[in-house]
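Summary of the model geometry
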Amino acid sequence: MIDKDILDAVLPVPDLEELRDSMVKELEEEGFVVTNFHSGGIFHTMLMIVLRVRIEFVELLRTVLNNMFLSHANGAWLDIKAVDFSKKRKQAQKTRGYVTISRTDAKGEAVRVAKGHVFKTEKDVNGDELRFFAMEDAVLQRGVLSTDILVEAELEGSMDRFLSEAGPCLMICQVHPDVATTD
């Protein structure tokens with residue numbers, strides 16, 4: 001988005017009260033017949049409607065100005081501007097990756113992870129957590145210390161694209177108390 005200071009310099013949004021006072025003063029100087037511009041009067045109400053429309057129009061112009069430039073456009077405006085450069089936005093995709101479940105003692109029982117099982121991150125500062133679902137059945141065999149499970153993010157977008165990097169640790173939900181996860 002274009003900096004607010006620049007937008008204010010190019011297309012300032014007038015204050016409703018100041019605009020009303022200046023219009024009333026201008027009408028009085030021109031010798032307008034109606035002089036009852038007090039709150040509750042019909043001409044005051046009509047004037048306020050016209051001034052509100054003017055302010056909304058200026059805000060619309062600011063939005064259009066902001067979206068005229070590719071670097072500041074968003075949403076459908078961005079798609080429209082991208083066509084000028086023969087470009088098209090890619091649709092958001094769900095992240096896929098592998099979660100490794102492991103244990104420290106190979107003597108433990110076989111642990112089955114069913115398709116659709118939920119893995120999630122710990123809550124972040126904002127209280128948000130990312131959830132991932134197992135894409136296929138997997139078994140951590142008896143005598144084996146670890147196995148990989150194919151998972152897919154619950155949501156599309158870049159928030160869930162940390163599986164290939166050293167991201168937050170995933171928690172396994174209700175499989176076995178002796179089993180740990182890593183991404």
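In this report, the structure presented in the accompanying data block is examined. (Residues numbered from 1 in each chain as written. Predicted model: local features only at pLDDT ≥ 70, side-chain atom pairs only at ≥ 80, totals over all residues. Heavy atoms only, no water.)

Points about the pattern of salt bridges
Here is the rule we go by: Between Lys or Arg on one side and Asp or Glu on the other, a salt bridge is scored when a side-chain nitrogen of the former is within 4 Å of a carboxyl oxygen of the latter. The helix count covers DSSP runs of H or I at least four residues long, the strand count covers runs of E at least two residues long, and both are numbered beginning at the N terminus.
In total, this model carries ten salt bridges according to the counting rule given. Measuring nitrogen to oxygen at the nearest pair gives 3.3 Å for the salt bridge that ties Arg-52 to Glu-56. Of this pair, Arg-52 and Glu-56 both sit in helix 3 (residues 42–67), four residues apart, which is roughly one turn of that helix. Close ionic contact of Glu-154 with Arg-131 constitutes a salt bridge, the shortest N to O distance being 3.3 Å. Taken together, the residues span a long stretch of sequence, with Glu-154 in strand 6 (residues 146–156) and Arg-131 in strand 4 (residues 131–134) at a distance of 23 residues.

A word on helix 3
Test applied: Helices are assigned an expected span. That span is 1.5 Å times one less than the residue count. Buried, partly exposed and exposed residues are distinguished by accessible area as a fraction of the type maximum, computed with a 1.4 Å probe on protein chains only: under 20%, between the cut-offs, and over 50%, respectively. Throughout, a residue-residue contact means that at least one pair of heavy atoms, one from each residue, lies within 4.5 Å.
The terminal C-alpha atoms of helix 3, which comprises 26 residues, lie 38 Å apart, in line with the 38 Å expected from a rise of 1.5 Å per residue. The complete set of buried residues in helix 3 reads His-44, Leu-47, Met-48, Leu-51, Ile-55, Val-58, Arg-62, Leu-65, Asn-66 and Asn-67. The secondary structure elements touched by the buried residues of helix 3 are helix 1 (4–10), helix 2 (16–29) and helix 4 (75–83).

Comments concerning the pairing of strand 3 (residues 118–121)
Counted only if it meets this: Two strands qualify as a pair provided DSSP detects at least 2 bridges between them.
Where burial is concerned, the two faces of strand 3 differ: the one with Phe-119 and Thr-121 is buried and the one with Val-118 and Lys-120 is not. Here three bridges tie strand 3 to strand 4, and the two strands are oriented antiparallel to one another. Bridge assignment links Lys-120 to a residue of strand 4, and that residue is Arg-131.

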